[in-house]
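# Summary of the model geometry
If you want the building blocks of each chain, they are given just below.
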Amino acid sequence: TIDSITNGVHAATWTAEPFQQLYDHYIPGWRLDNFSLRYALSIPKPDIWQAHVQTKRALIQHVNRETNAGMDVDVFTLGFARRATTYKRADLLFADSERLKRIAMQVGPLQVIYAGKAHPQDEGGKALIQRIFQTQETLRPEVKIVYLENYDMDVGRLMTAGVDVWLNTPQPPLEASGTSGMKAALNGVPSLSVLDGWWIEGRIEGVTGWAIGEDGRDGGERSKVVSSLYDKLEHAVLPLFYRERERFLDVMLHTIALNGSFFNPHRMMHQYVLKAYFS
C-alpha cells in the first residue's frame, strides 16, 4: 500500500513580497528548492518581524479602506478565509460571545478578519455569512470583526500573509486538506486549528501552532471543541503574542522551517515519484 501523500501549495505564488525578499537574502535558491526553507531558523527574528509588520500593515490598510472598520495593526489579528459552507463552522469562534469579549478585555485585544464565498445554492453557507455579519454588532467594541466581500486570490494572498494566526475550525473528518494554512505558513503565520486535514501532520503543539480539541478524526464533541478554542486563545496564543514576543517569533520561524518547507509541490512530487511510481 501507498502511504497518504498530503498535497501542497506553490511557494512563490503564496509567499508575500517582503518574505520573498527575506528568503532571497538568507536562503538563496529557495524558489527552486522549497525544502531549503527549513533553514529559516537562521533568519534573525527582527527581520522576520519587520517582514510580518509590512504584510500585516498592507492587509489592515486594505481592510480599513474597504470596510472603514478602524482596525489596528498592533492588535492581534485572527484570519479565516475559505469557502463558506456549514462544515467549515466559521461561526464556532462566537459560540460564547461573552467569554470571547472577556478574553479580549483581560488578556489582550483581538480582531478577526473573515472572507469567503458561498455556492449560490448553498443556503446554509449563505446563512453562515449572515450570522457573522450579525455577530459584528454584538461583539463591539471589545472584538472587531469584518467580512471582506469579493473574495479572490488577491484578498487570499493579503490575508494568508497579513494575519497573526490562521484559524481553522472544520467538522472532522470532513476537511480534505486545508491548503490555506499551508499558504499562511509560508509567511510565518502559525495555525490555530482543529486536528483535521493537513493539520494532523503539520501541527507540533506550541512549535508550529496550536490544536483545538483532541484528535478530530472521531468528530469531537462541539462543547469541548469550543472550550478548547477559548482556552488556547486565553492561555497560549494571546499571552505569547502580547507578553512573550520572542517566543511568538520562535513559533513563526518554526512554522516556516517545518511547515513551509514541507507542504509544497516540490516535496509532494518527490514523494509521488518515490512512493507511487517507483514503489
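Let me begin by describing the structure that accompanies this report. (Residues numbered from 1 in each chain as written. Predicted model: local features only at pLDDT ≥ 70, side-chain atom pairs only at ≥ 80, totals over all residues. Heavy atoms only, no water.)

## Examining the overall build of the protein
As a reminder, the rule being used: Runs of E in the DSSP output that reach at least two residues are strands. Runs of H or I that reach at least four are helices, and both are numbered from the N terminus. Summary of the burial criterion: residues with accessible area below 20% of their type's maximum are buried, those above 50% are exposed, and those between are partly exposed, where the area comes from a 1.4 Å probe applied to protein chains only. Contact criterion: two residues are considered in contact whenever any of their non-hydrogen atoms come within 4.5 Å of each other. To measure how exposed things are, a 1.4 Å probe is used in the Shrake-Rupley method; for residues, cover is taken only from the protein chains shown.
The helix and strand inventory of the protein stands at 11 helices and 6 strands. Projecting the C-alpha coordinates of the protein onto the three principal axes gives extents of approximately 55 × 45 × 35 Å. In the protein, which comprises 279 residues, the proportion classed as buried is 54%. By sequence separation, contacts in the protein at least 24 residues apart represent 74% of the contacts at least 6 residues apart. Accessible surface, the protein: about 12500 Å² in total, of which carbon and sulfur atoms supply 51%.

## Quick notes on the packing of helix 3 (residues 45–67) against helix 10 (residues 245–260)
Applied cut-off: Helix axes use the C-alpha atoms of the stretch in contact, all axes being lines fitted to C-alpha atoms, and the angles between their N-to-C directions lie in the range 0 to 180 degrees. For classification purposes, angles smaller than 35 degrees are called roughly parallel, those larger than 145 roughly antiparallel, those between 65 and 115 roughly perpendicular, and all remaining angles oblique. By the convention adopted, Pro, Cys, Tyr, Trp, Phe, Met, Ile, Leu, Val and Ala count as nonpolar, Lys, Arg, Asp and Glu as charged, and the other residues, Gly among them, as polar.
Where helix 3 contacts helix 10, the two axes come as close as 10 Å, and the packing angle between them is 80 degrees. When the axis of helix 3 is compared with that of helix 10, the two are roughly perpendicular. Of the residues in helix 10, those in contact with Lys45, Ile48, Trp49 and His52 of helix 3 are Arg245, Glu246, Leu249, Asp250, Met252, Leu253 and Ile256. A breakdown of the residues in the contact of helix 3 with helix 10 according to their chemical character gives 6 nonpolar, 1 polar and 4 charged.

## Looking at the packing of aromatic side chains
What counts here: Each aromatic pair joins two rings of Phe, Tyr and Trp (for Trp, the six-membered one) with centres within 6.5 Å, and gets the label stacked for planes under 30 degrees apart, edge-to-face for over 60, and tilted for any other angle. Definition used: whenever NZ (Lys) or CZ (Arg) falls within 6 Å of the ring centre and also within 35 degrees of the ring normal, the charge is taken to sit over that ring.
Across all of its chains, the model carries 13 aromatic pairs by this definition. Here the aromatic rings of tyrosine 23 and tryptophan 30 are separated by 5.3 Å at their centres, their planes lie at 80 degrees, and the arrangement is edge-to-face. The pair tyrosine 23 / tryptophan 30 is uniform in exposure class, with both members buried. Centroid distance phenylalanine 241 to phenylalanine 248: 5.3 Å. Interplanar angle 85 degrees. Geometry classified as edge-to-face. An identical accessibility class is assigned to phenylalanine 241 and phenylalanine 248; each is buried. Among the aromatic residues, those joined into a cluster by ring pairs are Trp49, Phe76, Phe241, Tyr242 and Phe248. For the cation-ring pair, arginine 157 lies above tryptophan 14, with the distance from its terminal atom to the ring centre recorded as 5.8 Å. Sitting over the face of the ring of tryptophan 14, lysine 183 holds its NZ or CZ atom 4.1 Å from the ring centroid.

## Observations concerning empty space enclosed by the protein
Inclusion rule: A 1.4 Å probe that fits into a set of points on a 1 Å grid over the protein atoms alone but cannot get out defines a cavity; an open set with protein on both sides within 12 Å along at least five of seven lines defines a pocket, and lining residues are those with an atom within 4 Å of a point. Grid points are joined across faces, edges and corners, and a volume is the space filled by probe spheres set on the points.
Counted by the stated rule, this structure contains 1 cavity of 30 Å³ or more. Counted as a void, the largest cavity has a volume near 50 Å³. What lines the largest cavity is Phe80, Arg82, Arg83, Ala84, Thr85, Lys88, Ala90, Ala115, Leu128, Ile129, Ile132 and Tyr147. Looking at the lining of the largest cavity residue by residue, the classes come out as 8 nonpolar, 1 polar and 3 charged.

## Describing the layout of surface pockets
In this model, the largest pocket occupies a volume close to 230 Å³. Residue lining of the largest pocket: 16 residues in total, with Ala81, Arg82, Thr179, Ser180 and Lys183 positioned closest to the centre. Elements with a minimum of two residues in the lining of the largest pocket: helix 6 (153–162) and helix 7 (179–185).

## Focus on the nonpolar core
This is how it is decided: We call a set of buried Ala, Val, Leu, Ile, Met, Phe, Trp, Tyr and Cys residues a nonpolar core when their side-chain atoms join them within 4.5 Å.
Counting 65 residues, the largest nonpolar core has Leu93 and Tyr114 as the members making the most contacts within it. The biggest single contributor to this core is helix 9 (residues 222–243), with 9 residues. Filtering out sequence-adjacent residues up to four positions away, leucine 93 remains in contact with Leu78, Leu100, Val112, Tyr114, Leu167, Leu229, Tyr230 and Leu233. Counting residues in hydrophobic clusters, the runner-up holds 15 residues, among them Ile60, Leu148, Met159 and Val163.

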